[in-house]
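# Geometric and topological summary
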Amino acid sequence: MNSGHRFHVPTLHAFIQAVFHQMGSNDQEARLVADHLIASNLAGHDSHGIGMIPSYIRSFSQGHLQINRHAKVVKDAGAVITLDGDCAFGQVAAHEAITLGIEKARQHGIAAVALHNSHHIGRIGYWAEQCAAAGFVSVHFVNVVGIPMVAPFHGRDSRFGTNPFCVVFPRKDTFPLLLDYATSAIAFGKTRVAWHKGEPVAPGCLIDAEGAPTTDPAVMQVSPLGSLLTFAQHKGYALAAMCEIMGGALSGGKTTHEESLQTSADAIINCMTTLIINPELFGAPDCDNQVAAFTEWVKASPHADDAPILLPGEWEVNTREERLEQGIPLDAGSWQAICEAALQIGMPDTVLQEFRQRLKHQAKKSPSSGGRANKGNIGSMRVRAYASVGKQTGKYLC
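Residues numbered from 1 in each chain as written. Predicted model: local features only at pLDDT ≥ 70, side-chain atom pairs only at ≥ 80, totals over all residues. Heavy atoms only, no water.

## A look at the packing of aromatic side chains
Under the convention used in this document: Stacked, edge-to-face and tilted labels apply to pairs of Phe, Tyr and Trp rings (six-membered ring for Trp) whose centres lie within 6.5 Å, assigned for plane angles under 30 degrees, over 60, and everything in between, in that order. Segments assigned H or I by DSSP are reported as helices when at least four residues long, segments assigned E as strands when at least two residues long, and all are numbered from the N terminus. Relative accessibility decides the category of a residue: with a 1.4 Å probe and only protein chains considered, values under 20% of the type maximum give buried, values over 50% give exposed, and everything between is partly exposed.
Tallied over the entire structure, the rule returns nine aromatic pairs. Their ring planes at 65 degrees and their centres at 5.4 Å tell us that F15 and F355 sit as a pair that is edge-to-face. Pair noted here: F15 is in helix α1 (residues 9–23) and F355 is in helix α11 (residues 349–363), with a separation of 340 residues, a long-range link. As far as the burial class goes, F15 and F355 line up, both buried. Their ring planes at 75 degrees and their centres at 5.8 Å tell us that Y56 and F89 sit as a pair that is edge-to-face.

## Considering the sheet that holds strand β4 (residues 110–119)
Paired through their backbone hydrogen bonds, the strands of a sheet run either parallel or antiparallel. Basically, it comes down to this: Two strands make a pair as long as DSSP finds a minimum of two bridges between them. An axis is simply a line fitted to the C-alpha atoms; with a helix, the fit covers only the stretch in contact. Between two such axes, the angle follows the N-to-C directions and lies from 0 to 180 degrees. Note on contacts: a residue pair is in contact if any heavy atoms of the two residues lie within 4.5 Å.
Strand order in the open sheet formed by seven strands is β2-β3-β4-β11-β5-β6-β7, and the pairing between neighbours is mixed. Looking at which strands have only one partner, the edges of the open sheet turn out to be β2 (72–76) and β7 (177–181). Strand-to-strand twist in this sheet, taken as the mean axis angle between neighbours without regard to direction, amounts to 15 degrees. Here strand β3 (residues 80–84) pairs with β4 via five bridges, running parallel. For D84, the partnering residue across the bridge sits in β4 and is H116. In this fold helix α4 (residues 90–108) packs onto β2, β3, β4, β5 (137–144) and β11 (269–277), with an angle of close to 170 degrees to the strand it touches most, β4.

## Examining the state of the cysteines
The test is simple: The disulfide criterion used throughout: a pair of cysteine sulfur atoms within 2.5 Å.
Here the structure, examined in full by the defined rule, presents zero disulfides. For C131, which is in no disulfide, the shortest distance to another cysteine sulfur is to C166 and amounts to 8.7 Å. Owing to a relative accessible area of 0%, C131 belongs among the buried residues under this scheme. We note that C243 lacks a disulfide partner, and the nearest cysteine sulfur, in C166, lies 10 Å from it. Overall, the relative accessible area of 0% leaves C243 in the buried class.

## Considering helix α10 (residues 332–344)
The cut-off we apply is this: Here, expected helix span is obtained from the residue count minus one, scaled by 1.5 Å. Relevant arc is that of directions from the helix axis to the C-beta atoms, nothing else.
Look at α10: 18 Å from first C-alpha to last across 13 residues, which is about the 18 Å you get at 1.5 Å a residue. For α10, the set of buried residues is S334, W335, I338, C339, A341 and A342. Burial along α10 is one-sided: seen end-on, the buried residues are contained in an arc of 160 degrees. At its buried positions, α10 is contacted by β1 (5–7), α1, α3 (53–61), α6 (188–197), β12 (328–330) and α11. G346 sits one or two positions beyond α10 and adopts a positive phi of about 110 degrees.

## Looking at the pattern of salt bridges
Here is the rule we go by: Salt bridges are defined as contacts in which a side-chain nitrogen from Lys or Arg sits within 4 Å of a carboxyl oxygen from Asp or Glu.
Taken as a whole and judged by the stated rule, the model has 12 salt bridges. Across the pair D86 and R69 runs a salt bridge, and its minimum N-O distance is 3.2 Å. Taken together, the residues D86 in the loop between β3 and α4 and R69 in the loop between α3 and β2 connect sequence positions 17 residues apart. We classify R69 as partly exposed; its relative accessible area is 31%. Notably, a salt bridge pairs E129 with R320, separated by 3.2 Å at the nearest N-O pair. Here E129, found in helix α5 (residues 124–133), pairs with R320, found in helix α9 (residues 314–326); they are 191 residues apart in sequence, far enough to count as distant. Here E129 matches R320 in class, with each residue buried.

## A short note on α11
The end-to-end C-alpha separation of α11 is 21 Å, in line with the 21 Å expected for 15 residues at 1.5 Å each. Along α11, the residues that are buried comprise L352, F355, L359 and Q362. Across the axial projection of α11, the buried residues extend over an arc of 100 degrees, all falling on one side. Opposite its buried face, α11 presents the exposed residues T350, K360 and H361, each directed more than 90 degrees away. Considering only its buried residues, α11 is in contact with β1, α1 and α10.

This is a description of form; function is not addressed.
Dropping the structure here:
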């Protein structure tokens, strides 16, 4: 199905910053949020990209999302630190938490960072990439407080959130191995994207309000609401439960239960517990060679020409390269919702129309001529966002 639009990255980034400036965010906050949303789209995870803007604006209007706030240290125990996200933009609070965690890992060799009470922290792989760029392994447990969307194994209604789990392993001179997924069969945001496109989701992902299997994404968007299912049946359910406990309870935050239920689906409050580890401190001098041998062995398995074997994170790398060259695709329904949200927050119609015309004009240019400029611009955006991290590999970052 035609995606509707394909947008020039730097102009789209400028538009997103303008939207959040209009909402009241300062320059740094608007840039960090725009960096993260654009990077999610570039990595192919549109569910966590700019399509989140209408939800963020509703959350702000409802009093849940608090702008221009920062993570606050609750307890500093050396290698273990706990922070309160203060309902700030998760793209700010998580950036601050991970940056601090990397500093702790440099000092101690290992660090545990607990962040609770943060607004939506977005694509977790983005934070893992930040750790990998600094040369560290990281493991992330995340929960979504009080917005049940996923049914437990054998259950017929929602009892917990999509609870992402993420692990990254850095490699020298190439992209890191990255595992990053919701413990639901698909992310909630993917049902939003499918709904806007008018497309079904794959079987085995959803049940309706009566507990019956369905492929209609509307059951997650329009009342009466259904539920997502976990991936791999009982295995995904068990991992989701551990993310709820490790991410929610251990971080000093909340788990989902009767007393923590939110009144709005846009009040997306995340908790995340992160382990950051310096791999060079292990007694494993042959580690890099063993990783390389394993990855070569796996990719050498016979396969169809049109179905290559990809390493964890390689799909995102390939998608990023493609979208930097060709632009970011966006369906017409999502784009219309973003434009309406921009007007609702007070963006003058003349400003919106100017951006729309610029994006429309740039979309007509050849992908190859615009791609080189895109890559340089978005690379500089990411370097600015990670200015405090230190080591920049550049090869696998947006």
